[in-house]
Each structure stands twice: as C-alpha cells, then as structure tokens.
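# Notes for the structure review
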Amino acid sequence: MDTSVFISKDEIRSRFSRAMSAMYQQEVPQYGALLSLVREINAAVLEREPTLERDLRQHSELTRLEVERHGAIRVGTAAELKGIAQIFAVMGMYPVAYYDLSVAGVPVHSTAFRPVDEHALQINPFRVFTSLLRLELIEDVSLRQQAAAILSQRSIFPPGLLELAAQAQAAGGLTEPQAKEFVTAATEVFRWHRQATVDQDTYRKFYAAHRLLADIVCFKGPHINHLTPRTLDIDAVQEAMPQRGIPAKELIEGPPRRRNPILLRQTSFKALEEEIEFVGQTRAGSHTARFGEIEQRGVALTRAGRALYDSLLMQARELGSQARSTQTYTERLQHVFAQFPDDEHELYERGLAFFRFEPRDPVVWQQEVAAGRPWDLPDLVKRGVVALSPITYEDFLPVSAAGIFQSNLGDAEQKNYVSQAARAEFERNLGSPVLDEIDLYQAAQTRSEQALQQRFLAKSKA
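### Describing the sheet that holds strand β4 (residues 127-133)
- The strand order β2-β3-β4-β1-β5 describes an open sheet built from five strands, whose pairing is mixed. Looking at the sheet topology across the chains shown, the edges are occupied by β2 (94-100) and β5 (226-229). Recorded for the sheet is a direction-independent mean angle of 20° between the axes of neighbouring strands.
- In this sheet, β4 lies alongside strand β3 (residues 108-114) in antiparallel orientation, the contact comprising six bridges. Considered in β4, the bridge of His-109 is made with Leu-132.

As structure tokens, then:
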C-alpha cells in the first residue's frame, strides 16, 4: 500500500488529544476554567521572563506548551489493558515506566503511554497514565470474585475500533477516513457514563472496600478521570485557583519550588460529586472520581539524581514523624532539598540530571574548533563554550501520582499496603515490556553529545 496516503501517528495523536480535551470541557466545565487560568499564568510568566520565552522558543518547547496535556484512566482487566495498548500504538504512544501505587494503599499498578521519539514529543507530548486494577489486593475474596465476574461481562471498545488498530499495525498506518473513524471511536472509550452497571447496594460494597474499586468496576468503561495542562508557574496556579472558585488540593505534590525545576510538580482541584443512576433504581445516587490537574515539568534526573531525590523525600517524611517537629510539610521539604543542587552546571558535573548540548556563541565555537584542542565536553561546558539545555522530564512520580489519587479519594482512604510491586505480572498483562524512562533520557543526552562531537571533529579536520 502507498504509505503516502497514511495520516501520521503524530497527527492522529494530536487529533485525539484535542478531541479528549473538548469532550472533557463539556463533561467537566471547571476544566475549561482551569485551562483559561493556566493560559493566563503562562502568558504572564513569558512576559516577565523574556529569557525563558527565548529559550523555550529556541528549543521548540513553546510550540508544545499550549497543546501539552496528560490524562489518566483505570482499566479492570488484562484484556482491556492490551486493547488500550493497541489503540495508543496507532498514535505513536508506548508504555514507559512501571509504577507501583500499592505503597499508598491504591490497589493498582500503572504505566504511562506516551511518545518516545524526540521529534514526536516536540509535536505533541500527549500522555495517558494508565492503571490496571489489582484484585489480589482486595482482601474480601467474595468481593474480588464478584468484581472479576462483573468486569468479564463488559466490553469497553466500540465495534470496529480494535479492528482499525490491527489494520493500522498490519498496513503501517491509517488513511484519512480511517483516521477520522478511529479518533471518534477511541474518544468514546473514555467518555463518562452516568449510568452505573450495578445496583446501589453492590456499588456501596465496592466503595466500602476502596473507592477506586467502585470507580473501575461499577461503570461501562475507563472514563477519563482527569486531564492536565502544563504550567510554567504551578505555585501561581495553586494560589489563584480558590480566587476563581476552583477548590484546590492543599499541597503541591513533588519537589519544592526551585530556580531550576526538577522532575514534576502537580496539583489539582478536588474531585467532583456527580449524579449517577443505579441499575433497577429510580432514585439517583452520586459518585466522586473526576477532577482537574495541573503540572509543572523540570529537568529529567539520572539514576543518581533520582536516588538523591528519593532520599531527601524520605528525610522530609522522617522529620514529620518526629514528636517535636513544628514545621509544615512544605517547610520540611524546602529544608531538606537545600541539599539538592540548584545550579545547572553542578547538576551536570555531578551527573544528577540530563542535558542536551549546543554552542553558546557561534564565534566562540569557531575559535574553539580552530584552536585544535581535543574533544572534551565537560571542559567546554565548564568554560562556557557549550551551553546546557535541560531535557524535560516526560514521565511521572509514583509518590506524586499516589498523592493525587489520595487527595481525591479522601484522607481516610489509605489502606496501609506495603509495597507490592509486580512488574513482571503487569508486563504479562500488557503483552510487552515497559520501556525504562531513564534509558530514554540517557539515549537523548548521548545523541546530543555525539552530534556536537561530530560537528567539532568535522570542522577541526576541515
């Protein structure tokens, strides 16, 4: 087949993310208000920080800022997870990283489907954090069996959708009419249905075991439970939300505010109480699950950087458990993270974060090449000949994800599970391994270094 007639995966992903955003604005009007607020704050940041605006534009980060979103869904079975993976593959989105949320008493484990190619990320970095229910973490055996029976009876995919996904895989793409049909059908998978698939007594039993269990088992499909725009100043959004009548969660999840942001910071408005209809009952009930989230992304950390981050996070928790502690969590976080370098050059020199590399000044670069010195990237960076460009963190943090889950499920929801990671089982259910996110960042940094080295050596030989 002539592949020139196919719509690119990037274009299909962009169409899908727009359709999802439009649908969610209709379903959750407060999300539209959140988008407006984030746009205002981003514009204000760019106006007062022209250097940031220039850097974002130069590195193609500005073009993706307006379209950037991530969503989150929860599926109930391995078959549903495999089908979701097929759908996302059509859009150039692949499973990256494994997240064990059992440490926060949330009976799921997860991955994030996202683009992995650098060019695709620049076009549209749409991600969907996808969680699979772990029935084995539900202590009540009869309830576990009932949940499995209910989930086995549902089909979350509209007719023809998986066939289109299979056709795209076999042929190498979708034509324009097929792409339109695909996006429409894929969007329907994640639509909210106010009609529960169970009666109220059954819903209450699942709800009592865990709110998330009720959300996954008692409805027709994996309704999108939040969409997340990216902001350049999450603290400003957090402060402004209540002023706009948007009830914000109490704390921003992730690292504290820094001059050079690292990893990911997230906050959200609290989940809505929505009217639902139960099977066989005329009186409506209510369900609370869907909310709006905001994120601010920083530089991706190396394994050494992640180890330091995790240890400092643990220190902040340990300080909070001390009887004489009078500091708030935010104050404790600021205190312990003073140990984490907040200078790009130190982050690079200590191997804590990932960067791309480019000549700071063309004239100085030419002089350096002409000098005939051997290639020495750390020295070029140290002397300011080569500039550092932070590689954006494209993924999620288990603690942040769990914190968002918990803040929207209720503080009393913690079930005190210990970590019960089951990556091998998750990958069997998925039907493929998940990619290692740190390997992806390392490869991006290595490609950048090698490309600059080739430029250096080619010019020095000329």
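### Looking at helix α5 (residues 78-90)
- Given a rise of 1.5 Å per residue, 13 residues ought to cover 18 Å, and the 19 Å separating the end C-alpha atoms of α5 matches this to within 8%.
- Buried within α5 we find Glu-80, Leu-81, Gly-83, Ile-84, Ala-85, Ile-87, Phe-88 and Val-90.

### Examining the pairing of strand β11 (residues 386-390)
- Within β11, four of the five residues are buried, leaving the element largely enclosed by the surrounding structure.
- Pairing of strand β10 (residues 355-359) with β11, which is carried by five bridges, proceeds in the antiparallel orientation. Across the sheet, residue Glu-358 finds its bridge partner in β11, namely Ala-387.

### Some details on the pairing of β3
- Among the seven residues that make up β3, seven are buried, leaving the element largely enclosed by the rest of the structure.
- When β2 meets β3, the two strands line up antiparallel, connected through five bridges. Across the sheet, the residue bridging to Tyr-94 is Arg-114, located in β3.

### A few points about the side chain of Asp-233
- If you trace the backbone, Asp-233 turns up in the loop between β5 and α12 (234-240).
- A distance of 3.3 Å separates the side chain of Asp-233 from the backbone nitrogen of Asp-235, its partner in a polar contact.
- Only 3.1 Å separates the side chain of Asp-233 from the backbone nitrogen of Ala-236, close enough to count as a polar contact.
- Every residue in contact with Asp-233, bar those within four places of it in the chain, is listed here: Ile-41, Val-45, Arg-48, Arg-257 and Gln-296.

Conventions used here
- Residues numbered from 1 in each chain as written.
- Predicted model: local features only at pLDDT ≥ 70, side-chain atom pairs only at ≥ 80, totals over all residues.
- Heavy atoms only, no water.
- Pairing = 2+ DSSP bridges.
- Helix = DSSP H or I, 4+ residues; strand = E, 2+ residues; numbered from the N terminus.
- Axes fitted to C-alpha atoms, helices over the stretch in contact; angles between N-to-C directions.
- Expected span 1.5 Å × (residues − 1).
- Buried < 20%, exposed > 50% of the residue type's maximum accessible area, 1.4 Å probe, protein only.
- Polar contact = N/O pair within 3.5 Å; in protein donor to acceptor, adjacent residues only side chain to side chain.
- Contact = heavy atoms within 4.5 Å.

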